[in-house]
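# Working through the structure, step by step
Residue-level listing of the chains:
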Amino acid sequence: MVDYELIVGLEVHVQLNTQTKLFCGCSTLFGQDPNTATCPVCLGHPGALPVLNEEAIRLAVVTGLALNGSIPPVTRWDRKNYFYPDLPKGYQISQLDHPVVGGGYLDLPAAEGQEPRRIRLTRAHLEEDAGKSLHDETSGTGDSRIDLNRAGTPLLEIVSEPDLRSAAEAKQYLSELKLLLEHLQVSDCNMEQGSLRVDANVNLHVMVDGERVATPIVEIKNLNSFRAVERALEYESQRQLAAFLADGKRIGQVPKQTRGWDDAAQITRVQREKEESADYRYFPDPDLVPIQLAADWVESLRARMSHRPAEIRQRLAGDLGLSDYDAGVLVAMGPACIAYFEQAIAAGGDAKRVSNWLQQDITRSASELGVTLDQFPVPPAVLGELVARIGAGEFTTAQGKDLFQHLLSQGGSVGEAAEAIGIEAVDESALDELCQQLIAAHPQVVDDIRGGKAQAVGAMIGAARKIDRNADPGKVRARLLELIQST
Amino acid sequence: MSRTALESRRAFAEGTVTATELVETCLNTIERHDAKLNVFLTVADEQARRQAADLDRRRDAKEPLGPLAGVCVAVKDLISTRDIRTTCGSRILEKYTPVFDATVIDRLKQADAIVVGKTNLDEFGMGSSNENSAYGRVANPWDLDRVTGGSSGGAAAVVAADFVPLSLGTDTGGSIRQPAAFCGVVGLKPTYGSVSRYGMVAYASSLEQIGPMARTAADCRAALDVLAGHDDKDSTCSRTPLKDSSWNQSLKGLRVGWVEEHWTDGISEGIAAALRSTREWLEGQGATFVPVSLPHARYGIAAYYLLASSEASSNLARFDGAHYGLRANVKAEGRSGNGLEQMYSQSREAGLGPEVKRRILLGTFALSAGYAEAFYGKASRVRRAIQQDFLEAFQDVDVILGPTTPTEPFRAGEKVDDPLAMYLADVFTVLANLAGLPAISFPVGFTEHPLPLGAQLIGRPFEDRALLDIVERFQDDTDWHLRRPSSLNS
Ligand SMILES: [Zn+2]
């Protein structure tokens, strides 16, 4: 039994939620016909020049603040030079020495009985994405086709320190980071569309004769799902241990290796040894000017921090009385869920009941309908009213479910739904009529109540039951008091 | 002598001449004489005739006319022109036609100027003699066996030979001013950031500017008024407007800097003498001369070639055969083979000339891991030191006068095998590029041969108009700019 620890740092590339590319006006919409979302700038035509999309800077700074990083007064652009057909200028505009975010950390929520973990961040920098190479193996010609729609799309690369200690922890870090980016609406984090891509730097610390020995660092590329990250790290930790036990090579004794994750085979494969890798010849991009990040502007973005998952959990559990568990579940359901929740509460719904509806009926229905919560057919204000009226005893829980089903299929207001399916909420007009009758018949009792003896109302409730045996004593009492005291 | 740009504009507006006549005269001259000079890489005769006809119609309809209406302009073939081939003097772009106009071309068209064609240059602007063009050298109209200077050699010769009154050049290290001096015309490199670079094919982005070349300073000013101004498409284009000049009436009180370091052994006697008489003329106008020092100027050439080549190695990476331009026909070997690498190297081998390759290699080396600090980094610090030198010098003076070039135009072939000697032709001009300052070259005399001699004035940032005004005063009083070469008379 060898004692060892897995050491992992992650580089996460996030596509920012901008309408247009980082340095030109082309659309960033996914799924357009190849090479249609292009212009002389992102095609790298001779003489075309980049002009910064300031929205990308705003989103990067919001992310930096949310990750507790420092925002420098000035950030700059550098060129990373290499040849590849999906890189039409022959260089990528990136940031080397003056990234938009320095340092920072992300706290992972502590699971039951665990210490909370703080994962330190090195930096986060902006860069433009490359296009896509499509290698056509079927034609037999070996032709490659290039789609430059993605070329120039803004990416934020978030680099962590090697603070992660297991595959599960790496996955937890990614989940929390993804939630953060989604709640801040910085990125849609759609992994199938490549909006979030992960590279991992991995090695082991092995105990040898009471001494910690670091094994060579390997970079794993092409991790396109959280599951792939988890499996690749598990695989790599076993592979590196076996390699170390076989050859005893330590860090620095072999060149840094880059491996790719083969999802089909569930293994990593060597892509290249670092020694033969390109020298990127970074230098400041002379076509762009340094960006001044005014301190008061940066401060104004701090208002967005209330959208951080940690703050929302705090608000839901602390201020609204949900359990930590429920708060966690709602936050994990994403920003549309929190927006729905908050609007339903504002419409009078009780937090705990709305939370239950969201976690059960609404989630199930949304998934059956294949819609997201911002497109859900029952608007949050309607659900809030329904929940409030169930809470007030106007409808039973079973009636509430029927009303919900009706609202789901037919829309409309709660009242319209109740009428349509013939559920009689206790008829307010009948109750009013009964109470007016009682008030007219018992002037002395009314005087007593106005004089401060509310308990005198009991006499009228007895009388009410003589007129209508089905009258709900509680409601009659409440309505009587309301009518008497308001006049 | 044919009309200046402003005279053309006036004659056209007054109805003395039609735009069509102006264009036909110009096309006819090109047709008859360009074989001797090799100025035009592409003549845009169709577009020019169409535009002239439209202008004539508009003038007859009494519609408003732009400030350069009817003026024929030749454009250095490094500036993108929509639907007109733009070769950059390179084989690799022999068949490349841009899909967009450079901002300066937009502005010329807005001003109703007529682009008649694209002029020869050193490939991608890299050269000081116009001998580095893939399409042959340009002959100097004053002596066909001599060079025009470069890299805007065609743009200088075309004005000197009276084909057109106005041309656009680009200046990275002297590429407007040095050929202006060699061809006996006025050439202005504007303040960095005053004219949009959008659409100029980049050689060294942080150094270069587009500028006008003409026989008179007044024509250059008219062109600059059209070209200058902020452009949303160029992030390095400034929002600071050019300043008004205080030298449009008299030069009394003008303080002229005289750089001691410029008076080294390398200056030809002819240029030294012409400079002395220019100084006397200025003193006669009430200007005073003040010695100034630019202690880091002697590192200018080294810093310039390191920085310019570094940027070039990156700027020219896009010419790789993958997306446009020349592509070597390499047998596909699939992505597992090295077909891609071969395609890159063979396309660049066939498409790029020796001087371009030399600078790409130099720049790649200067930026590479382990050397970047010693070369690119150090050159950047020299650049800041030179900027500081100028800042201090301009505390005491309004402009700095000196030679544009160390020698008069040399013979074709004389320096092609000695790149370092060729680089020294830029020794006085690169400083303004490194510091981002406006600088103008103007004719101040002739050798007995006769070959033109140029002087250079460097000004404070955004004081381009001051330089133009001083040269205009000089031209009011002298006739060097009125002399024309006789080589094309036969
Ligand atoms: Zn674009």
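Now for a description of the structure that goes with this document. Everything numeric here is computed off the predicted structure, so don't read it as measured data.

### Here's the deal with the coordination of the zinc ion
Residue and element names in this part refer to chain A.
- Coordination of the zinc ion by the protein is provided by Cys24 (SG), Cys26 (SG), Cys39 (SG) and Cys42 (SG), with metal-donor distances spanning 2.3 to 2.4 Å.
- Viewed at the metal, the 4 donor atoms of the zinc ion are separated by angles of 101 to 115°, and the geometry they form is tetrahedral.
- Site description for the zinc ion: donor spacing in sequence, C-x1-C-x12-C-x2-C. Here the residue Cys24 occupies a position in the loop between strand S1 (4-15) and helix H1 (54-66), and Cys39 occupies one in the loop between S1 and H1, the gap between them amounting to 15 residues. Each of the two residues, Cys24 as well as Cys39, counts as buried.

### Quick word on the packing of aromatic side chains
Residue and element names in this part refer to chain A.
- A complete count under the given rule lists 25 aromatic pairs over all chains for this structure.
- Plain terms: the ring middles of Tyr280 and Tyr282 are 6.3 Å apart, the flat faces sit at 70° to each other, and that makes the pair edge-to-face.
- Taking relative accessible area as the criterion, Tyr280 reaches 25% and is therefore assigned partly exposed.
- On the accessibility criterion, Tyr282 (28% relative accessible area) is partly exposed.
- One aromatic cluster is present, formed by Tyr340, Trp357, Phe376 and Phe404 through successive ring pairs.
- Directly above the ring of Tyr105 sits Arg118, whose terminal nitrogen or CZ lies 3.7 Å from the centroid.

### Comments concerning empty space enclosed by the protein
- A full pass over the atoms with the stated rule returns 4 cavities of 30 Å³ or more.
- Its volume calculated, the largest cavity comes out at about 160 Å³.
- Classifying every residue of the lining of the second largest cavity by side-chain character gives 7 nonpolar, 2 polar and 2 charged.

### What to know about the pairing of strand S7 (residues 117-128) of chain A
Residue and element names in this part refer to chain A.
- As defined by bridge partners, strand S5 (residues 101-102) adjoins S7 across 2 bridges and the pair is classed as antiparallel. From the neighbouring strand, Val101 faces S7, where its bridge partner is Ala124.
- As paired elements, S7 and strand S10 (residues 154-160) share 7 bridges and run antiparallel to each other. Paired with His125 across the strands is Glu157, a residue of S10.

About the cut-offs
Residues numbered from 1 in each chain as written. Chains lettered and ligands numbered in written order. Predicted model: local features only at pLDDT ≥ 70, side-chain atom pairs only at ≥ 80, totals over all residues. Heavy atoms only, no water. Donors = N, O, S within 2.8 Å, 3.2 Å for Na, K, Ca; no water. Tetrahedral: all angles 85-135°; square planar, octahedral: opposite > 155°, others 65-115°. Helix = DSSP H or I, 4+ residues; strand = E, 2+ residues; numbered from the N terminus. Buried < 20%, exposed > 50% of the residue type's maximum accessible area, 1.4 Å probe, protein only. Phe/Tyr/Trp six-rings, centres within 6.5 Å; stacked < 30°, edge-to-face > 60°. Lys NZ or Arg CZ within 6 Å of the ring centre and 35° of its normal. 1 Å grid on protein atoms, 1.4 Å probe; cavity = no way out; pocket = protein on both sides within 12 Å on 5 of 7 lines; lining within 4 Å. Points joined across faces, edges and corners; volume = space filled by probe spheres on them. Nonpolar A, V, L, I, M, F, W, Y, C, P; charged D, E, K, R; others polar. Pairing = 2+ DSSP bridges.

Function-wise, these values are silent; they only describe arrangement.
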